[in-house]
Every structure is written in structure tokens, then in C-alpha cells.
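This is what each chain is made of:
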Amino acid sequence: MLEADSFEFHGERSALSRDCVRYDELASRGWIVLRFMWEQVMLRPGWVAQVVARTVRRRRAERGFADPTEPGPVTHLGPSEAVA
């Protein structure tokens, strides 16, 4: 899962708490959550792409997909499904 964070939406304690709960629920279910700031996505897209690609390669290797072009399972979760 990729998440883009912005400072604007984390100015209150309740927003930070909500994000922590969401992250912890996903992590406890085995998800890898990559969080990027808006500025990183907009100003450092090459670095963001490298981090995503490196993470995908590592996860695929962990799951036994030796060939990076071999299709793996795809899961789509909506917001209500991702966090209990």
C-alpha cells in the first residue's frame, strides 16, 4: 500500500491517532505500507519510484517469484476493508 501524507492533514492529535491505527492494523495483517510526503512525490519522483520498485522486488523474492515479470496475486482493498 502506498500512502501520500501531507502536513495539512496531520495538524491535530486525532488525525495522527487515526493514521497510527490505520498503519498498525495494516502492518499487523502483513501489509507493507510505504508513506511518502507530498513534497517527496512531487519533487523527488525518481527516488519514490526506486523505493517502490525495491520494495516490490524484495516482496516478490520473499514470496518465491524469481522472475520479476511473473504475475503475482493482486489484492484491492477499499478503505473500509483495509482497517477493521
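In this text the structure is predicted, and so the values were computed from the model without any measurement. (Residues numbered from 1 in each chain as written. Predicted model: local features only at pLDDT ≥ 70, side-chain atom pairs only at ≥ 80, totals over all residues. Heavy atoms only, no water.)

Novice: Please set out the overall build of the protein residue by residue, giving values where relevant.
Specialist: Across its full length, the protein holds four helices and two strands. Secondary structure elements in the protein, listed N-terminal to C-terminal, are β-α-β-α-α-α. In the protein, buried positions account for 18% of the 84 residues. Partitioning the intrachain contacts of the protein with sequence separation of at least 6 by distance along the chain shows that 48% fall at a separation of at least 24. Summed over all atoms, the accessible surface of the protein reaches about 6,600 Å², with 59% contributed by carbon and sulfur. (Helix = DSSP H or I, 4+ residues; strand = E, 2+ residues; numbered from the N terminus. Buried < 20%, exposed > 50% of the residue type's maximum accessible area, 1.4 Å probe, protein only. Contact = heavy atoms within 4.5 Å. Areas by Shrake-Rupley, 256 points an atom, 1.4 Å probe, with all protein chains shown as cover.)

Novice: How would you explain the packing of aromatic side chains if you had to name every residue and give the values?
Specialist: In this structure the tally under the stated criterion is one aromatic pair. Each ring, one from F36 and one from W47, has its centre 5.8 Å from the other, and the planes form 85°; the classification is edge-to-face. Of the two residues, F36 is situated in strand β2 (residues 34-37) and W47 in helix α3 (residues 45-62); the sequence distance between them amounts to eleven residues. The exposure class assigned to F36 is buried, which follows from its relative accessible area of 5%. The exposure class assigned to W47 is partly exposed, which follows from its relative accessible area of 30%. Over the ring of W47 we find R44, and its NZ or CZ is 4.6 Å from the ring centre. The lysine or arginine in question, R60, covers the ring of F65, its NZ or CZ lying 4.9 Å from the ring centre. (Phe/Tyr/Trp six-rings, centres within 6.5 Å; stacked < 30°, edge-to-face > 60°. Lys NZ or Arg CZ within 6 Å of the ring centre and 35° of its normal.)

Novice: How would you sum up α3? Please name residues and give values.
Specialist: The terminal C-alpha atoms of α3 lie 26 Å apart, and with 18 residues this matches the ideal 26 Å at 1.5 Å per residue to within 8%. Two residues or fewer past α3, G64 is found with a positive phi of approximately 90°. (Expected span 1.5 Å × (residues − 1).)

Novice: Just give me the short version of the side chain of T55, but keep the residues and values in it.
Specialist: The residue T55 is located in helix α3 in this model. For T55, a relative accessible area of 14% puts it in the buried group.

Novice: Help me get a handle on the pattern of salt bridges, residues and values and all.
Specialist: Following the criterion strictly, the structure yields five salt bridges and no others. Note that R58 and E62 form a salt bridge whose closest N and O atoms lie 3.0 Å from each other. Of this pair, R58 and E62 both sit in helix α3, four residues apart, which is roughly one turn of the helix. With relative accessibility at 51%, the residue E62 sits in the exposed group. Residues E62 and R59 are paired through a salt bridge, measuring 3.7 Å at the closest nitrogen-oxygen approach. Of this pair, E62 and R59 both sit in helix α3, three residues apart, roughly one helical turn. (Salt bridge = Lys/Arg side-chain N within 4 Å of Asp/Glu carboxyl O.)

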